[in-house]
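Here is how the chains run, residue by residue.
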Amino acid sequence: MMKMTGKAFAKRLFGVNGERLPRILLIDLIVFWGLYLAGFRVRIAPSVRILMISAFTAGVMWQALSSKDNTVELQHMLMLPHQSREFVFSFVAMLGAYTVLTKTGLLLAVLLAVSAWKPMEIAGILLCVIHAVLMAAAVYSLRKYWYAGGLWAAVTAAAILFLGNGPWAGLLLSANSLFAVLFLRRADGYDFYPWESGKSHAVRRRNTASLWRYFFRYLSCHKNYLLNTAVMWCAAIGMPYFLREAAGLSAVPVGFAVLSLNTPICILLSCDRDLEQAVRFLPGQKRRFCIPYCLFIFLCNMAADAIFLISWQIQSGGVTAFMAAQAVFFALQSAVLSVLLEWFYPIRGWKIESDLWHHPRKYIVPAVMLLLAGAVSAWPVLLPALLVLPALEIMAFIALPASESL
């Protein structure tokens, strides 16, 4: 029974014949050899390395567990006769393997290439990723008691920081993994059913006359999207300190470019296939949807940029109208490019929502913004001309016939 359930989940995540794995592993190998041959080396403390791998793996595992696409899959699987314990461990094992092989593998390729490793530490890596997968699954199954899960995660992170450099690290991870297994043994398949996600999915399908109401409902129904936005705001608070020390005022556009990396709000059409179908095939939806969507992303970006400028003013002062104009340009330009990417090149063929968050396409807009930041820093006189660029792009997009914009 456990083997059959595992195969069913594996076919959905990796493809019928596992065709996704060779391509992913080849990319990891290319990244590893490229960085290794470059000769770049960094010393990383064991505690930092363990915490980095654990936090990244647990975060991606949590995203995978929270994916709304699990709703239909789990609903169908739970309707069949099953044994709770075998079902839970099959589900966690396959989702954990997917997380480690497709997402954590790239991080490990980078870490292995740029830092020195001993043979015994490879076993530590395996223990680390298993611990992260098990703990994320255990905390998710107890998400009704979020305060207990948050306390458990905080205590574990603190213990890794204080004990990760000593011989107790392996014992700590092993004991915590065993603790997570005990929780999972008592869990049921319905503990992983995203009830809130299903409820929110129904709520946001109500007929409303306002796209803005839809946007804010969408954010309120996806708390992890709000959390990502809050992280960006925290980054906006601390970034002025590091940029001011590095390059002074010339680095301000770089800060605006980095703050455009808010993936969740830029994948609205990609993550909701029904919405994309309605927007593309109903008449007049290109203008009615895309312009408010662009304005929505602009306001989200502008909020982070405003926090960045306020933090800069508090820490060092000297915020000028020119810096404010830069903030408006980078917030609007990144919003326009994000909407154009969603319209012309939506992400297709993804398995779970976590694939959208980590798709390489998310780096295109920040990369373009960094290039523009370098141009504005080198030649400030370019900014007045660049300010009209987003408006020209919007007018050209609206002027395209509907057939060409598909």
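Residues numbered from 1 in each chain as written. Predicted model: local features only at pLDDT ≥ 70, side-chain atom pairs only at ≥ 80, totals over all residues. Heavy atoms only, no water.

Looking now at the overall build of the protein. Looking only at helices and strands, the protein features 20 helices and 0 strands. By residue count, 46% of the 406 residues in the protein fall in the buried class. Relative to all contacts within the protein whose residues are 6 or more apart in sequence, the contacts with residues 24 or more apart total 86%. (Helix = DSSP H or I, 4+ residues; strand = E, 2+ residues; numbered from the N terminus. Buried < 20%, exposed > 50% of the residue type's maximum accessible area, 1.4 Å probe, protein only. Contact = heavy atoms within 4.5 Å.)

Below, the discussion takes up helix α8 (residues 169-185). The terminal C-alpha atoms of α8 lie 24 Å apart, and with 17 residues this matches the ideal 24 Å at 1.5 Å per residue to within 8%. Taken residue by residue, α8 has Ala169, Leu173, Asn176, Ser177, Ala180 and Leu184 as its buried positions. Along the long axis of α8, the arc covered by the buried residues comes to 105 degrees, so they all point the same way. Turned more than 90 degrees from where α8 packs its buried face, Leu171 and Leu178 sit exposed. (Expected span 1.5 Å × (residues − 1). Arc of directions from axis to C-beta.)

Moving on, we come to the nonpolar core. Of all hydrophobic cores here, the largest spans 59 residues; its most connected members are Leu268, Phe289, Tyr293, Phe296, Ile297, Phe308 and Phe330. Considering every element that reaches this core, the biggest residue donor is helix α15 (residues 285-315), with 13 residues. Ignoring sequence-local partners within four residues, the contact set of phenylalanine 296 consists of Trp212, Phe215, Phe216, Leu219 and Ile265. Met61, Trp117, Ala136 and Tyr140 belong to the second-largest nonpolar core, a separate cluster that totals 38 residues. (Core = buried A, V, L, I, M, F, W, Y, C linked by side-chain atoms within 4.5 Å.)

This brings us to the side chain of serine 141. Relative to the elements of secondary structure, serine 141 occurs in helix α6 (residues 119-141). Judged by its relative accessible area of 12%, serine 141 is buried. Among the polar contacts listed, one links the side chain of serine 141 to the backbone oxygen of alanine 138, at a separation of 2.7 Å. For serine 141, the contacting residues outside a window of four places in its chain are Leu184, Ala187, Asp191 and Phe192. (Polar contact = N/O pair within 3.5 Å; in protein donor to acceptor, adjacent residues only side chain to side chain.)

All chains considered together, the criterion is met by 10 aromatic pairs. On the basis of an interplanar angle of 75 degrees and a centroid distance of 5.3 Å, the ring pair of tryptophan 152 and phenylalanine 179 is categorised as edge-to-face. Here phenylalanine 179 lies in helix α8 and tryptophan 152 lies in helix α7 (residues 146-163), a separation of 27 residues in the sequence. Residue tryptophan 152 is classed as buried on the basis of its relative accessible area of 12%. Note on phenylalanine 179: relative accessible area 39%, which makes it partly exposed. Ring centres of phenylalanine 289 and tyrosine 293 lie 5.4 Å apart, and the angle between their planes is 40 degrees; on these two criteria the pair is classed as tilted. Of this pair, phenylalanine 289 and tyrosine 293 both sit in helix α15, 4 residues apart, which is roughly one turn of that helix. (Phe/Tyr/Trp six-rings, centres within 6.5 Å; stacked < 30°, edge-to-face > 60°.)

This part covers the environment of glycine 238. Of note, glycine 238 is situated in helix α11 (residues 223-246). Along the chain, glycine 238 and tryptophan 312 lie 74 residues apart, while their C-alpha atoms are 9.1 Å from each other.

Let us now look at the packing of helix α10 (residues 211-221) against α15. Contact pair α10 / α15: the axes reach a minimum separation of 10 Å and the direction vectors enclose 50 degrees. In this view, α10 runs oblique relative to α15, as classed from their interaxial angle. Our pair here, α10 against α15, has a crossing hand that is right-handed. Packed against α10, whose contacting residues are Leu211, Trp212, Phe215, Phe216 and Leu219, the element α15 presents Arg288, Phe289, Pro292, Tyr293, Leu295, Phe296 and Leu299 at the interface. Considered class by class, the residues forming the contact of α10 with α15 number 11 nonpolar, no polar and 1 charged. (Axes fitted to C-alpha atoms, helices over the stretch in contact; angles between N-to-C directions. Parallel < 35°, antiparallel > 145°, perpendicular 65-115°, else oblique. Left-handed = near helix turned anticlockwise from the far one by under 90°. Nonpolar A, V, L, I, M, F, W, Y, C, P; charged D, E, K, R; others polar.)

So, about the packing of helix α2 (residues 20-38) against helix α5 (residues 84-114). Across the interface, α2 lies against α5 with an axial gap of 7 Å and an inter-helix angle of 10 degrees. In terms of orientation, α2 lies roughly parallel with respect to α5. Seen along the crossing, α2 lies across α5 with a hand that is right-handed. Every residue of α5 that contacts α2 at Arg20, Leu21, Ile24, Asp28, Val31, Phe32, Leu35 and Tyr36 is listed here: Tyr98, Leu101, Thr102, Gly105, Leu106, Ala109, Val110, Leu112, Ala113 and Val114.

A few words on α15. Across its 31 residues, α15 extends 45 Å between first and last C-alpha, which sits within 8% of the 45 Å expected from 1.5 Å per residue. One or two steps after α15, the chain reaches glycine 317, where phi turns positive at roughly 75 degrees.

Of the residues in the protein, 82% have a pLDDT of 70 or more, and the chain-wide mean is 77. Within the protein, no element has a lower average pLDDT than helix α9 (residues 195-203), which sits at 43, and none a higher one than helix α16 (residues 321-344), at 88. Contacts of residues 196-209 to residues separated by more than four positions or lying in other chains number 14 contacts, the stretch itself having pLDDT below 50. (pLDDT = per-residue confidence, 0-100.)

Another point: the side chain of glutamine 326. Residue position: glutamine 326 is located in helix α16. When near neighbours in sequence (up to four residues on either side) are disregarded, glutamine 326 contacts Val252, Pro253, Phe256, Val376 and Leu383.

Right, let's get into the state of the cysteines. All told, the structure shown has 0 disulfides when counted by the stated rule. This cysteine, cysteine 266, is not joined by any disulfide, and cysteine 300 carries the nearest cysteine sulfur, 8.6 Å off. Since its relative accessible area comes to 11%, cysteine 266 is described here as buried. (Disulfide = S-S within 2.5 Å.)

If you trace the backbone, leucine 184 turns up in helix α8. Between the alpha carbons of leucine 184 and valine 92 there is a distance of 9.2 Å; along the sequence they are 92 residues apart. Ignoring any residue separated from it by four or fewer positions in sequence, one finds leucine 184 in contact with Val88, Phe89, Val92, Leu134, Ala137, Ala138, Ser141 and Phe192.

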